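Architecture at a glance
This is what each chain is made of:
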Protein chains: 2
Amino acid sequence: MVTIKDVARRAGVSVATVSRVLNKSGPVSPEAASRIHEAADALHYVPHGGARSLITSKTSTIGVLLPDLYGGFFSEMIRGIDQTAQQHGYHLLLSGSHNRRAEMEAAMRAMRGRTDGLIAMSPHFDAATLVQNLPPSLPVILLSCEAGGAQYQVIAIDNAGGAEAMVKHLLALGHRRIAMVKGEEGHFDTDERLQGYRSALQAAGIAPDPAYEVQGDFSEASGSRAVKELLALPVPPTAIFCANDSMAIGGLHAVHDAGLRVPADITVVGFDDIPLANYLSPPLSSVHVPIFEMGERAATRLIAALKGEPVSERRHERLPTQLVVRSSCAPPRG
Amino acid sequence: MVTIKDVARRAGVSVATVSRVLNKSGPVSPEAASRIHEAADALHYVPHGGARSLITSKTSTIGVLLPDLYGGFFSEMIRGIDQTAQQHGYHLLLSGSHNRRAEMEAAMRAMRGRTDGLIAMSPHFDAATLVQNLPPSLPVILLSCEAGGAQYQVIAIDNAGGAEAMVKHLLALGHRRIAMVKGEEGHFDTDERLQGYRSALQAAGIAPDPAYEVQGDFSEASGSRAVKELLALPVPPTAIFCANDSMAIGGLHAVHDAGLRVPADITVVGFDDIPLANYLSPPLSSVHVPIFEMGERAATRLIAALKGEPVSERRHERLPTQLVVRSSCAPPRG
DNA sequence: TTGTAGGCGTTATCAG
DNA sequence: CTGATAACGCCTACAA
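Given the structure is predicted, the values throughout are model-derived calculations rather than measurements.

Moving on, we get to the sheet that holds strand β7 (residues 213–215) of chain B. Residues and elements named next belong to chain B. Read across the sheet, 4 strands follow the order β7-β6-β8-β9 without closing on themselves; strand pairing throughout is parallel. Each edge of the open sheet carries a strand with a single partner, namely β7 and β9 (267–269). Here the average twist between neighbouring strands, direction ignored, is 20 degrees. Where strand β8 (residues 239–242) and β9 come together, 3 bridges link them in parallel fashion. Within β9, the residue paired with alanine 239 across the bridge is threonine 267. Each of β6 (178–182), β8 and β9 is contacted by helix α8 (residues 159–172), which is oriented at about 170 degrees to β8, the strand it contacts most.

As structure tokens, then:
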């Protein structure tokens, strides 16, 4: 491996001078500088990141911990993070598949000394307690999880607001019997979406009906199952709000299989507004979630923290969602 | 930051002993070992990756260089890489958005000393020449690019075979006037798919018609434009093969806008088999590409190389594609 | 079984 | 303006 010493030797100077030139730190004579650049180029010299980080205690690397890497959701988020990181000269150390707490902890530990800061998403368990095992000096941005006091910076989606907006829209269409297919149990986003659903109903003076809250797990199959169950009820709902689009797709199938039509016979809506939503038949009404922006925002805040900039007073941030009305909803029949 | 020294002090031993315990290298008395483990846990000690890599010259990190991070394609590939890497105790240093050669080069350089090996995808330019700037000792797996001699390991999709299979299917349905919407210019996969299209026609004794080869750029809009152009021809084709599914979606729209129906009036097919393909109306026939497997394969081969295992004789590997026939194709009308 | 000491590639702090 | 030299945190002979 070619080191700074090789460059120094070839340029006929000391390593200190080479370092000064390459980091633009300190005065160097123009001729020496050009000789050094020449030598470095010829040798294809690149400083060793590890050695550098050892002394500067900076790695120019951001750690990203995600529960999964599946589907368009995480792809978009990583894209947002990567774009911002790249602009500021940071690399990304990525680690997915941490659905279990122990895995997440191991991954966090493994990142010590390799990253300057962390972006972690853990909708399944309280990330704040998890982060306590980390040195307090390590800046961390938490995504989509319990706030856990004001000591950590948290960025999340306005799940409750989005769900509320959707249910209010259904109410405005005239629906009174509105069911919800809930997402994975113990999932942060799910719980909040359920809350939004309930509070919108409550605001309209409608008592919550346990039979109208069916458990799903975010999968298409579970959505199909849940909707089938709802349709079999003595008094079935006139509208079904699914906690995500995948389940809504399953729901669409279930409705079709039952010989009914959307939206003529029943309304089905989702949450997330994945690209597919617009291509379904009928196009699915949903709640748009700014995933790319969430990644961008997380990276921006982390880098600010890395630069020692003071944290803005609002440590907990909510990214707004947006209601997207397509043709999968209509007023209830007769 | 808590270092090995802190652990040593707390356990009342020397740093050497701590190192021996933590790396299971060398004999240590049971009591000392337990004291050390205790101390390490209490202090939340994790060795500094940089310092360690300095002396072992190993980073346990794989660099991943991609042209882009947009869409389901890269997400799937990263997932494949990550899963395999994790199983073998490797981290992922990710870097996207390298459509320009200079960017790619910069990213490669920046990874020196941070990774044990590289997985690089660069469909736009010859990656082999690019890699020449890297130290020859650095194991590299190239994805979807020119072979560039036998000195590098390359993994690619069987684009030509997939295209051929699709066109042969159309021929078998009775089509003779088959057009192709080409992908982005100078793109590796595109060129190969075009080749497959041409050779299938040739094998059927059909002379290639330049008017039936329209330029696209992988975007939905370009597909729409290209298909519109084809429909306006004096003798329009009876089937249109798009180099990817996005363009096929645009093509579907164009056909619809022209007042025609798929597949009754004209056949439209794509390539890639993205999840969306199955949900379009009509469901789109396409060529399935094993993206996740490509990522898996690349990581597996790289890790084998990292362990010093000899490279299997076939340095250039082609992953098989699979024809997926749905209802967007039918025999030509009348 | 244990500790001491040297060195990995850099940068930073000194003298010159 | 430049060059020794001491860290940074860790591993590994070599000695004890």
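Moving on, we come to the relation of the copies chain A and chain B. When chain A is brought onto chain B, the operation consists of a screw motion whose angular component is 180 degrees and whose axial shift is 0.0 Å, with 0.1 Å RMSD remaining. Such values leave the two copies arranged in the relation of a two-fold axis. Considering only C-alpha atoms, the part of chain A nearest the rotation axis is glycine 50 of chain A, at 1.9 Å. A shared binding surface is used by both copies, with 100% of the interface residues of chain A retained as interface residues in chain B.

Taken in spatial order, the 12 strands make up an open sheet running β11(A)-β5(A)-β4(A)-β3(A)-β1(A)-β2(A)-β2(B)-β1(B)-β3(B)-β4(B)-β5(B)-β11(B), and their pairing is mixed. The open sheet is flanked by β11 (316–319) of chain A together with β11 (316–319) of chain B, the only strands paired with a single partner. Neighbour to neighbour, the strand axes of the sheet diverge by 20 degrees on average, direction disregarded. As paired strands, strand β5 (residues 153–157) of chain A and β11 of chain A are joined by 4 bridges and run parallel to one another.

On to the pattern of salt bridges. A side chain with one charge can pair with a side chain of the opposite charge if their charged atoms come near. Residues and elements named next belong to chain A. Summed over the entire model, instances satisfying the criterion amount to 24 salt bridges over all chains. Across the pair aspartate 272 and arginine 193 runs a salt bridge, and its minimum N-O distance is 3.5 Å. Remark: arginine 193 occurs in helix α9 (residues 188–203) and aspartate 272 occurs in the loop between β9 (267–269) and β10 (286–288); sequence separation between them is 79 residues. No difference in accessibility class separates aspartate 272 from arginine 193, as the two residues are buried. Three or more residues joined by partner-sharing salt bridges are found here, namely Arg261, Asp265 and Arg333.

Right, let's talk about the protein's contact with DNA strand D for a bit. Around DNA strand D, a shell composed of 24 residues is seen, among which Thr17, Arg20 and Ser29 of chain A together with Ile4 and Tyr45 of chain B lie nearest. Restricting attention to atoms of DNA strand D within 4 Å of the protein, one finds that 66% of them are sugar or phosphate atoms. Separating a phosphate oxygen of DNA strand D from a backbone N or O atom of serine 14 of chain A is a distance of 3.1 Å. Contact between DNA strand D and asparagine 23 of chain B: a phosphate oxygen at 3.4 Å from a side-chain N or O atom of the residue. Among the elements that make up the surface near DNA strand D, the one with the highest residue count is helix α4 (residues 49–56) of chain B (4 residues). Tallied by class, residues from the surface near DNA strand D come to 14 nonpolar, 7 polar and 3 charged.

Residue and element names in this part refer to chain A. Across all of its chains, the model carries 4 aromatic pairs over all chains by this definition. An angle of 45 degrees between the planes, with centres 6.4 Å apart, marks the rings of phenylalanine 241 and phenylalanine 271 as tilted. Of the two residues, phenylalanine 241 is situated in strand β8 (residues 239–242) and phenylalanine 271 in the loop between β9 and β10; the sequence distance between them amounts to 30 residues. Across the pair, phenylalanine 271 and phenylalanine 241 agree in class, each one buried. The lysine or arginine in question, arginine 193, covers the ring of phenylalanine 271, its NZ or CZ lying 3.8 Å from the ring centre.

Let us look at empty space enclosed by the protein. Tallied over the full model, the rule gives 3 cavities of 30 Å³ or more. Here the largest cavity defines a volume of roughly 50 Å³. Taken together, Leu69, Phe74, Ser75 and Ile78 of chain A together with Leu69, Phe74, Ser75 and Ile78 of chain B make up the full set of residues lining the largest cavity. Secondary-structure elements contributing two or more residues to the lining of the largest cavity are α5 (72–87) of chain A together with α5 (72–87) of chain B. For the lining of the largest cavity, the per-class residue count stands at 6 nonpolar, 2 polar and no charged. The volume enclosed by the second largest cavity comes to roughly 40 Å³. Every residue along the wall of the second largest cavity is listed here: Phe73, Ser144, Ile157, Asn159, Asp189, Arg193, Val289 and Met294 of chain A. Along the lines of polarity and charge, the residues of the lining of the second largest cavity split into 4 nonpolar, 2 polar and 2 charged. No fewer than three residues from each of domain 2 (61–157 + 291–320) and domain 3 (159–289) of chain A sit in the lining of the second largest cavity.

Next up on the list: the pairing of strand β2 (residues 91–95) of chain B. The buried fraction of β2 of chain B amounts to 5 of the 5 residues, a majority that puts the element mostly inside the structure. Here β2 of chain B shows no split at all, with His91, Leu93 and Ser95 of chain B on one side and Leu92 and Leu94 of chain B on the other all buried. Pairing geometry for strand β2 (residues 91–95) of chain A and β2 of chain B, over 3 bridges, is antiparallel. Residue pairing in the sheet places leucine 94 of chain A in a bridge with leucine 92 of chain B of β2 of chain B. One ladder, built from 5 bridges, connects strand β1 (residues 61–65) of chain B with β2 of chain B; its direction is parallel.

The extent of an interface is frequently quoted as the accessible surface area lost upon association of the parts. Its domain assignment divides chain A into domain 1 (4–56), domain 2 (61–157 + 291–320) and domain 3 (159–289). The centre of domain 1 of chain A, based on its C-alpha atoms, is set 35 Å off from the matching centre of domain 2 of chain A.

Before going further, it helps to examine the environment of glutamate 296 of chain A. Residue and element names in this part refer to chain A. On the secondary structure map, glutamate 296 appears in helix α12 (residues 291–306). With 228 residues separating them in the primary sequence, glutamate 296 and aspartate 68 have C-alpha atoms 19 Å apart. Setting aside residues no more than four positions away along its own chain, glutamate 296 makes contact with Gly80, Ile81, Gln83 and Thr84.

Across the boundary between the two partners, chain A contributes 44 residues, which contact 44 residues of chain B. For the pair chain A and chain B, the two sides together bury roughly 3900 Å², of which 56% comes from carbon and sulfur. Viewed at the interface, chain B and chain A are joined by 0 salt bridges. At the boundary of chain A and chain B, one finds 14 residue pairs in polar contact (both at pLDDT 80 or more). Of all the elements in the fold, those that place two or more residues in the side of chain A that touches chain B are α4 (49–56), α5, β2, α6 (101–110) and α11 (245–257) of chain A.

Before going further, it helps to examine the protein's contact with DNA strand C. Taken together, 26 residues surround DNA strand C, and among them Ile4, Tyr45 and Arg52 of chain A together with Thr17 and Ser29 of chain B come closest. What you see for DNA strand C is that sugar and phosphate hold 63% of its atoms within 4 Å of the protein. Between DNA strand C and the protein, one listed contact pairs a base nitrogen with a side-chain N or O atom of arginine 20 of chain B at 2.9 Å. Ranked by residues supplied to the surface near DNA strand C, first place goes to α4 of chain A with 5 residues.

Cut-offs applied
Residues numbered from 1 in each chain as written. Chains lettered and ligands numbered in written order. Predicted model: local features only at pLDDT ≥ 70, side-chain atom pairs only at ≥ 80, totals over all residues. Heavy atoms only, no water. Pairing = 2+ DSSP bridges. Helix = DSSP H or I, 4+ residues; strand = E, 2+ residues; numbered from the N terminus. Axes fitted to C-alpha atoms, helices over the stretch in contact; angles between N-to-C directions. Contact = heavy atoms within 4.5 Å. Least-squares fit on C-alpha atoms with pLDDT ≥ 70 in both. Salt bridge = Lys/Arg side-chain N within 4 Å of Asp/Glu carboxyl O. Buried < 20%, exposed > 50% of the residue type's maximum accessible area, 1.4 Å probe, protein only. Near = heavy atom within 4 Å. Polar contact = N/O pair within 3.5 Å; in protein donor to acceptor, adjacent residues only side chain to side chain. Nonpolar A, V, L, I, M, F, W, Y, C, P; charged D, E, K, R; others polar. Phe/Tyr/Trp six-rings, centres within 6.5 Å; stacked < 30°, edge-to-face > 60°. Lys NZ or Arg CZ within 6 Å of the ring centre and 35° of its normal. 1 Å grid on protein atoms, 1.4 Å probe; cavity = no way out; pocket = protein on both sides within 12 Å on 5 of 7 lines; lining within 4 Å. Points joined across faces, edges and corners; volume = space filled by probe spheres on them. Domains from an automatic or database assignment. Buried area = accessible area lost by both parts, 1.4 Å probe.

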